[in-house]
Amino acid sequence: MKQYVIVGGSKGIGAAITKSLANEGHRILVISRTVGEIGGLVGVDHIPADVTSIDFNKLSLPVSIDGLAYCPGSINLKPFHRFKQVDFDHDWQINVQSAVKCIQACLPGLKESKGCVVLFSTVAAQTGMPFHSSIAMAKGAIEGLTRSLAAEYAPTLRFNCIAPSLTNTQLASRLLSSPEKEEASAKRHPLQSVGQPEDIAAMAKFLLSDSSKWITGQVIGIDGGMGSLKTI
Ligand SMILES: NC(=O)c1ccc[n+]([C@@H]2O[C@H](COP(=O)([O-])OP(=O)(O)OC[C@H]3O[C@@H](n4cnc5c(N)ncnc54)[C@H](OP(=O)(O)O)[C@@H]3O)[C@@H](O)[C@H]2O)c1
């Protein structure tokens, strides 16, 4: 049985990770604003907190952390000229700054158990897409952070990153709010569908397990082929 910390583990991809780890009998500490989909799960503790305002150092984090996933993120798409400073600041804060503070606070626990960290980017960090400037900047930073920390903490800790394409969660709900929108989004992917939280969680769980013990510093696209294939 391992001890995990899943930040943003109450909904969407994070909830799918939490449920899958709980199913296998692990202990999971979830940090998010609401309890979401994980109420009553055996082995799961929840700390209600907003990652953009809490001091992670004041939380009672596990003494030993086998794996940390930081899941909170944003999808704020608009033409570049319409982005205001407040948009850039929010995307930077929730995707990057709070992730950094969280990792720093978890370092003692991670070092205690030679743990690993999974971060989240987006397909739009390495594939240019219109209207994605703010999120591409923030997630590009996460990809750099992943490789940098993987180098700095090798061989003790592992850091990897998952870059999903459009996945059916609350975060993406405005982009998938009708069957027409969902079909159009599906058709843009070589595999002709949008992602499900479980598709992404399966890779996260692998990266959080000993099965990936020789993998670090990687950004892995789970994206229906979107980031690397051109089929039309
Ligand atoms: N879904 C996609 O299409 C997609 C595509 C590319 C990349 N990604 C990335 O994948 C990651 C997971 O996305 P998702 O779709 O699963 O997101 P989601 O459905 O919005 O879930 C996010 C999780 O983070 C928590 N959270 C959000 N804001 C928070 C805050 N300020 N403080 C504390 N907890 C907060 C949410 O719980 P509470 O609301 O209860 O706080 C929830 O548990 C993100 O980094 C996202 O950028 C997603």
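Please read these numbers as outputs of a predicted model, since none were measured by experiment.

Colleague: Can you break down the site of the ligand residue by residue, with the values?
Modeller: Surrounding the ligand, one finds 30 residues, the nearest of these being Ser10, Ile13, Thr34, Thr167 and Thr169. Between the ligand and Cys71 there is a distance of 3.0 Å, counted from an oxygen atom to a backbone nitrogen or oxygen. Thr169 is positioned with one of its side-chain polar atoms (N or O) 2.4 Å from an oxygen atom of the ligand. Calculation on the ligand without its partners gives an accessible area of 890 Å², and the protein chains cover 94% of this total. Taking a 2 Å distance to the grid points as the criterion, the majority of the atoms of the ligand fall inside the largest pocket. When the residues that make up the shell around the ligand are grouped by side-chain class, the tally is 12 nonpolar, 14 polar and four charged.

Colleague: Tell me about the packing of aromatic side chains, and name the residues and values.
Modeller: Scanning the model with the defined rule gives three aromatic pairs in all. Between the aromatic rings of Tyr153 and Phe159, the centroid separation amounts to 5.9 Å while the plane-to-plane angle is 40 degrees, which identifies the pairing as tilted. According to the relative accessible area criterion, Phe159 is buried, its value standing at 0%. Among the aromatic side chains, those forming a connected cluster through ring pairs are Phe80, Phe83 and Phe88.

Colleague: Account for the layout of surface pockets, with residues named and values stated.
Modeller: Of the volumes computed, that of the largest pocket is approximately 1,200 Å³. If you trace the largest pocket, you find 46 residues lining it, with Gly73, Ser74, Ile75, Thr169 and Leu171 closest to the centre. Looking at the lining of the largest pocket, the elements that each hand over two or more residues are helix 1 (12–23), strand 2 (27–32), helix 2 (85–112) and helix 3 (133–153). Across the lining of the largest pocket, the residue classes tally to 21 nonpolar, 20 polar and five charged. In terms of lining residues, the second largest pocket is bounded by 18 residues, among which Lys114, Gly115, Cys116, Arg158 and Lys213 are the most central. Taken together, the residues that form the lining of the second largest pocket break down as seven nonpolar, five polar and six charged.

Reading the values: the criteria
- Residues numbered from 1 in each chain as written.
- Predicted model: local features only at pLDDT ≥ 70, side-chain atom pairs only at ≥ 80, totals over all residues.
- Heavy atoms only, no water.
- Near = heavy atom within 4 Å.
- Polar contact = N/O pair within 3.5 Å; in protein donor to acceptor, adjacent residues only side chain to side chain.
- Areas by Shrake-Rupley, 256 points an atom, 1.4 Å probe, with all protein chains shown as cover.
- 1 Å grid on protein atoms, 1.4 Å probe; cavity = no way out; pocket = protein on both sides within 12 Å on 5 of 7 lines; lining within 4 Å.
- Sits in = over half its atoms within 2 Å of the grid points.
- Nonpolar A, V, L, I, M, F, W, Y, C, P; charged D, E, K, R; others polar.
- Phe/Tyr/Trp six-rings, centres within 6.5 Å; stacked < 30°, edge-to-face > 60°.
- Buried < 20%, exposed > 50% of the residue type's maximum accessible area, 1.4 Å probe, protein only.
- Points joined across faces, edges and corners; volume = space filled by probe spheres on them.
- Helix = DSSP H or I, 4+ residues; strand = E, 2+ residues; numbered from the N terminus.

These figures capture arrangement, not role.
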